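# Architecture at a glance
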Amino acid sequence: MKTPFYGAVVTALILLTSTACTASQADKSPESKAGGGGTRTVRPVAGCGAGSWTDPADLSPTRAPARCDAGAPAPHPLSKPRKLTIATGTLSAEYVAPLQVALDKGEFKKEGLDVTLKVLPTPDSLPLLAKGDIDALWAAPEAAVMNGVRGGFDIRWVAGNFSPDPKSKSGLWVRLKDGERGDQVKMAGRRMGTMIGKGSVIAYPMEKALDRHGGGLDEIQYQQLGSADVLTALQNGGVDSAWLLDPVWRKVDGRPDYAFLGGQPLGEPLGGMLYGPGLLNDDMDAGVALLRAYLRTVNTYFAADYKSDATFVTYLATLLKTDESILRSTPSLRMDWEIRAGTTDRLQAAYRAQGVTEGEALPEARTVNRTLYEEAVGHRP
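Thresholds applied
Residues numbered from 1 in each chain as written. Predicted model: local features only at pLDDT ≥ 70, side-chain atom pairs only at ≥ 80, totals over all residues. Heavy atoms only, no water. Pairing = 2+ DSSP bridges. Helix = DSSP H or I, 4+ residues; strand = E, 2+ residues; numbered from the N terminus. Axes fitted to C-alpha atoms, helices over the stretch in contact; angles between N-to-C directions. Contact = heavy atoms within 4.5 Å. Parallel < 35°, antiparallel > 145°, perpendicular 65-115°, else oblique. Nonpolar A, V, L, I, M, F, W, Y, C, P; charged D, E, K, R; others polar. Salt bridge = Lys/Arg side-chain N within 4 Å of Asp/Glu carboxyl O. Buried < 20%, exposed > 50% of the residue type's maximum accessible area, 1.4 Å probe, protein only. Core = buried A, V, L, I, M, F, W, Y, C linked by side-chain atoms within 4.5 Å.

## A look at the sheet that holds strand β13 (residues 272-275)
- Taking strand neighbours across the sheet as the criterion, the five strands line up as β4-β3-β5-β13-β6 in an open arrangement whose pairing is mixed. Two strands close off the open sheet at either side, each with one partner strand: β4 (113-119) and β6 (156-160). Adjacent strand axes in the sheet meet at a mean angle of 25°, parallel and antiparallel pairs treated alike.
- Sheet topology note: the strand β3 (residues 82-88)/β4 ladder contains seven bridges and is parallel. Bridging across to β4, A87 finds its partner in K118.
- Against the sheet, helix α2 (residues 97-104) contacts β3, β4, β5 (136-139) and β13, and its axis sits at roughly 140° relative to β4.

Here you go:
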């Protein structure tokens, strides 16, 4: 049964379908389609060699993320400055750091872009993105996004954000009952606390964890809680399990009455940048420029273990308005702009298991467009 929340979202998406553009094609030729029927020539980019692109089909958890040299790809300012608005659910989370740094260091301005970051929940952002009232969304291809595309919205996932460090334990935690061990937990029938509820991208990694522990997405009860309430509910018995993010999981790590059951797959980003019809079709130059600034920021400031630089961590904590000791308490994220093959297929399978989407799964050509970041690094598919 679908939740009332997602029923309302689907209804709103259907009503707004007439405002959305038709789906664009993710052309895989060396020249990608541009708005207005033209073509785009992909040229080599200095500082972005063979390591600036990896095979999307490589799902190895040890896969090294794509990288260019620091400062690459170099800016290529637009002939006419452009104002862009990027919606994001938060400005303080670590996964938003590349956007914050790009803004603070002037990387967007180097491309002729006047960028504004606007805090807005994903369900509220989608119709605005489809109509062109905002230009991009820093979020994830959640169930609401898939339902919007199915309803006619011309929205694509165009760049990834991060995958976790192997030492991270951000993910599904359970409070053990008497006599239980972490490798013998039975999850069926338990109540789980989560900030987002059904339809989040965590459904995919959560499904894998539940399968290993005698449960399924349709065999647990969900309790949506505020970010400050998830850990409290787990500790006082209000819920049996919870999805704990960085750095909250540090509060229960090492305690014998809690067990970590699994988190986001290594080497596979589950979110990042989503574009609407403007940057996908009408102004691809600006769409590529925005990703070029993002990629350059990753290559310059987040190429490896950025938390090994004490000065940078201090700077980052100030920029994100977060406690520096908390930021230092978890390993660096592995910033990764590439999108793995089949990720949206796996996400949609999990959404169907939760009952928040219906119908045939959307093909990847309707959900993903890699051509813009490929152009930014000079890769010809």
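## A closer look at the packing of α2 against helix α10 (residues 310-320)
- At a minimum axis separation of 10 Å, α2 and α10 run at an interaxial angle of 95°. On the basis of the axis angle, α2 is roughly perpendicular to α10. Contacts from A97, Q100, V101 and D104 in α2 reach Y315, L316, L319 and L320 in α10.
- A per-class count over the contact of α2 with α10 returns six nonpolar, one polar and one charged.

## Structural notes on the pattern of salt bridges
- Taken as a whole and assessed by the stated rule, the structure comprises 21 salt bridges.
- With a closest N to O distance of 2.8 Å, R292 and E111 form a salt bridge. Linking R292 in helix α9 (residues 284-301) with E111 in the loop between α3 (107-110) and β4, this pair joins segments that are 181 residues apart in sequence. Take R292 and E111: they sit in the same class, and that class is buried.
- Between E268 and R346 there is a salt bridge; the shortest N-O distance is 2.8 Å. Of the two residues, E268 sits in the loop between β12 (258-263) and β13 while R346 sits in helix α12 (residues 343-354), which places them 78 residues apart along the sequence.
- Judged by relative accessible area, which is 5%, E268 ranks as buried.
- Taking relative accessible area as the criterion, R346 reaches 24% and is therefore assigned partly exposed.
- It is possible to trace a salt-bridge network through shared partners that takes in E107, K110, E111, R292 and R296.

## Section: the pairing of β5
- Residue alternation in β5 divides its side chains into two sets, A136 and W138 and L137 and A139, and both sets are buried.
- Where β5 and β13 come together, four bridges link them in antiparallel fashion. Counted as the bridge partner of L137 is L274 from β13.

## Digging into the nonpolar core
- With 97 residues, the main nonpolar core has M273, Y275, L290 and L291 as its most contacted residues.
- Looking at which element gives the most residues to this core, the answer is α9, with 10 residues.
- Beyond its immediate chain neighbours, meaning those up to four positions away, L290 contacts L84, I86, F108, L113, V115, A136, M273, Y275 and L279.
- Ranked by size, the runner-up nonpolar core spans 12 residues in total, among them L231, L234, V239 and Y258.

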